[in-house]
Amino acid sequence: MTTIQLQNLRKEFDDVVAVDGIDLTIEDGEFLVIVGPSGCGKSTTLRLLAGLEQATAGRIGMDDRDVTSTEPKNRNVAMVFQNYALYPHMTGRRNITFGMKSAGAFTDDEIDQRVEEAAKTLDIADLLDRKPEAMSGGERQRIALGRAIVRDPDAFLMDEPLSNLDAKLRIQMRAELTRLHAELETTTVYVTHDQTEAMTLGERVVVMNDGRLMQVDSPQVLYDFPENRFVAEFIGDPAMNMIDVTVEDGTAIHDGFEIPLPGAGTDAGTPGTDPIPERSGDRHDAVLGVRPEDFYLAQESPDLGDATFTATVDVTEPLGDSLLVHCSVGDAVFKIQAEPRTELQSGDEITVASDPERLHLFDPETGEARY
Ligand code: ATP
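Residues numbered from 1 in each chain as written. Predicted model: local features only at pLDDT ≥ 70, side-chain atom pairs only at ≥ 80, totals over all residues.

Per an unreviewed UniProt entry, the protein carries the name ABC-type D-xylose/L-arabinose transporter and comes from Natrinema longum. Recorded under Function (unreviewed entry), the UniProt text for the protein is reproduced unchanged: "Part of the ABC transporter complex XacGHIJK involved in the uptake of xylose and arabinose. Responsible for energy coupling to the transport system." Of the comments in the UniProt record for the protein, the one headed Sequence similarities (unreviewed entry) reads "Belongs to the ABC transporter superfamily. Carbohydrate uptake transporter-1 (CUT1) (TC 3.A.1.1) family." (UniProt positions renumbered as here; feature names shortened; annotations may be inferred.)

Shown next as structure tokens:
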């Protein structure tokens, strides 16, 4: 049973601030994913948790222990890395048991029993006598997971463990990691730059940028209610459209179109479900965010009413399960995810509707969501 607390955690490398004052509690048994672009500080955060880096400031707690300065070997966490970190000259079994044997804390019988159990859980019995060179990438990663499991750690710390696998195997291993977590219920912190991996694996997802936490929420809340423009654009593929608008009298206006915002003139409330607050008569700039699937060709969604505008099709991209339509109005360009097999050509004029409940507004200066 392990909760992990990060309090005002900071890490500097010379003049680079890799982790810039993070406060976060990871619940016991939780699968928490940290996602963000390259260089945002994800791996450094994980390495601080493992004790592979020393914090410049702040505190790391595991349950009621302060482990900020504790040696890695005394933290009882198990790391799984992208490059597997297996010893090439050792068999799968030796790779799994090496750490246990050198720690000297287990009898040979205990070690054998744990290897048997891990082999069953991970379906790796037939890999135990092979060396890494005779294994595929997915098999090597299973052995690396086996090595983590046998130690029965308080937490798993995983740094992009699937990034060396091909796309199909990655999807398969994602499902296996979810199953493994359901079975072991060990607190897990998982780092990735891949937002799909983050959304499918994480019970909660932390979005990081520039060493800071941008939002921590369940995948669906991140998707539906991004708290700022960074999260809105990072989560979701194809990315959310962002259009500079002027907001006046409850309407988002851009050269060539007007989109009514929900419930003008009322108080702020729950984002997405309650009206966007609008001070009557107050005219100001904003950034309108609309996911491509929340724009519709009017003929496909007659129930969205008359609040439509006309756009010109630039190009279309068939994605199989939908048609991505790149279009423009004046100098605004955006994408619409339409029904597959919709017949459209470059230069066609289309009538576009949007669902007022699914619009987002962001402050053009700070990027914060304004609901
Ligand atoms: P990636 O996805 O590319 O691995 P990341 O989000 O994991 O990126 P980190 O590896 O944590 O990012 O790096 C955060 C910042 O700290 C980067 O600017 C990086 O260059 C810097 N950094 C990381 N480790 C060191 C180090 N040992 N010495 C100096 N700077 C470092």
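## Some thoughts on the overall build of the protein
Check the secondary structure of the protein and you find eight helices and 20 strands. Referenced to the eigenvectors of the C-alpha coordinate spread, the extents of the protein come out at roughly 75 × 45 × 35 Å. Look at the contacts in the protein between residues 6 or more apart in sequence, and 65% of them connect residues 24 or more apart. (Helix = DSSP H or I, 4+ residues; strand = E, 2+ residues; numbered from the N terminus. Contact = placed C-beta atoms within 7 Å.)

## Considering the site of the ligand
Lining the immediate surroundings of the ligand are F13, V16, A18, G36, S38, G39, C40, G41, K42, S43, T44 and H193. Top element by residues in the shell around the ligand is helix α1 (residues 42-50). It accounts for three residues. (Near = placed C-beta within 6 Å.)

## Describing the pairing of strand β10 (residues 212-217)
The pairing of strand β9 (residues 204-209) with β10 spans five bridges and is classified as antiparallel. In the strand pairing of β10, V206 is matched with V216. (Pairing = 2+ DSSP bridges.)

## Topic: the sheet that holds strand β1 (residues 4-13)
In space, the four strands of this open sheet follow the order β2-β1-β4-β5, with antiparallel pairing throughout. Of all strands in the sheet, those bounded by a partner on one side alone are β2 (16-26) and β5 (65-66). Sheet topology places strand β4 (residues 57-62) next to β5; two bridges connect them, and they run antiparallel. Residue pairing for β5: M62 is matched across the bridge by R65. Packed on one face of the sheet, α1 meets β1, β2 and β4 and runs near 60 degrees to β2. (Axes fitted to C-alpha atoms, helices over the stretch in contact; angles between N-to-C directions.)

## Things to note about the nonpolar core
Counting residues in hydrophobic clusters, the biggest one holds 86 residues, and the most contacted among them are V33, L157, V189 and V207. With six residues, the single largest contributor to this core is helix α4 (residues 137-150). For this core, the two domains that each supply at least three residues are domain 1 (4-234) and domain 2 (241-362). L157 has contacts with L46, L49, A50, V77, M79 and V189, leaving out every residue within four places of it along the chain. (Core = buried A, V, L, I, M, F, W, Y, C linked by C-beta atoms within 7 Å. Buried ≥ 20, exposed ≤ 12 C-beta atoms within 10 Å, placed from the backbone. Domains from an automatic or database assignment.)

## A few points about the sheet that holds strand β15 (residues 295-297)
Hydrogen bonding along the main chain pairs the strands of a sheet, whether they run parallel or antiparallel. Taken together, the five strands give an open sheet; going across it, the order is β15-β19-β16-β17-β18, and neighbouring strands pair in antiparallel fashion. In this open sheet, the two edge strands, each paired with only one partner strand, are β15 and β18 (332-338). Each strand axis lies, on average, 50 degrees off the axis of its neighbour in the sheet, ignoring direction. Bridging between strand β16 (residues 309-318) and strand β17 (residues 323-329) involves six bridges; their strand directions are antiparallel. Across the sheet, the residue bridging to P318 is L323, located in β17.

## Digging into the pairing of strand β11 (residues 241-248)
Summarising the sheet, β11 and strand β14 (residues 284-290) pair through seven bridges and their orientation is antiparallel. Within the sheet, the bridge partner assigned to I243 lies in β14 and is L288. In this sheet, strand β12 (residues 251-254) lies alongside β11 in antiparallel orientation, the contact comprising three bridges. Counted as the bridge partner of E248 is T251 from β12. Counting the residues in the hairpin turn of β11 and β12 gives two residues, including D249, whose phi is positive at 50 degrees.

## What about the confidence of the model for the protein?
Close inspection of predicted coordinates is inappropriate in any region flagged by low pLDDT. When pLDDT is averaged along the protein, the result is 89, and 93% of the positions lie at 70 or above. Every residue in residues 264-273 scores below 50 in pLDDT, and together they form 19 contacts with partners more than four places removed in sequence or on other chains. In the predicted complex, the global pTM is 0.90; the interface-specific ipTM is 0.97. (pLDDT = per-residue confidence, 0-100.)

## Some remarks on the domain arrangement of the protein
One can read the domain layout of the protein as domain 1 (4-234) and domain 2 (241-362). The gap between the C-alpha centroids of domain 1 and domain 2 is 39 Å. Taken together, the six residues of domain 1 in the interface contact seven residues of domain 2. Residue contributions to the side of domain 1 that touches domain 2 peak at three residues, all from helix α8 (residues 229-234). In terms of residue class, the side of domain 1 that touches domain 2 is built from three nonpolar, no polar and three charged. (Nonpolar A, V, L, I, M, F, W, Y, C, P; charged D, E, K, R; others polar.)

## Description of the environment of A144
In this fold, A144 is placed in helix α4. Here A144 falls in the buried class, since 25 other C-beta atoms lie within 10 Å of it. The spatial distance from the C-alpha of A144 to the C-alpha of A307 is 55 Å, given a sequence separation of 163 residues. Excluding anything up to four places from it in sequence, A144 contacts V80, Y84, A85 and L86.

## Details of the environment of L359
Structurally, L359 can be placed in the loop between β19 (349-354) and β20 (360-362). Owing to 20 C-beta atoms within 10 Å, L359 belongs among the buried residues under this scheme. The spatial distance from the C-alpha of L359 to the C-alpha of F295 is 9.6 Å, given a sequence separation of 64 residues. The residues contacting L359, other than those within four sequence positions of it, are I259, L261, L288, V290 and S354.

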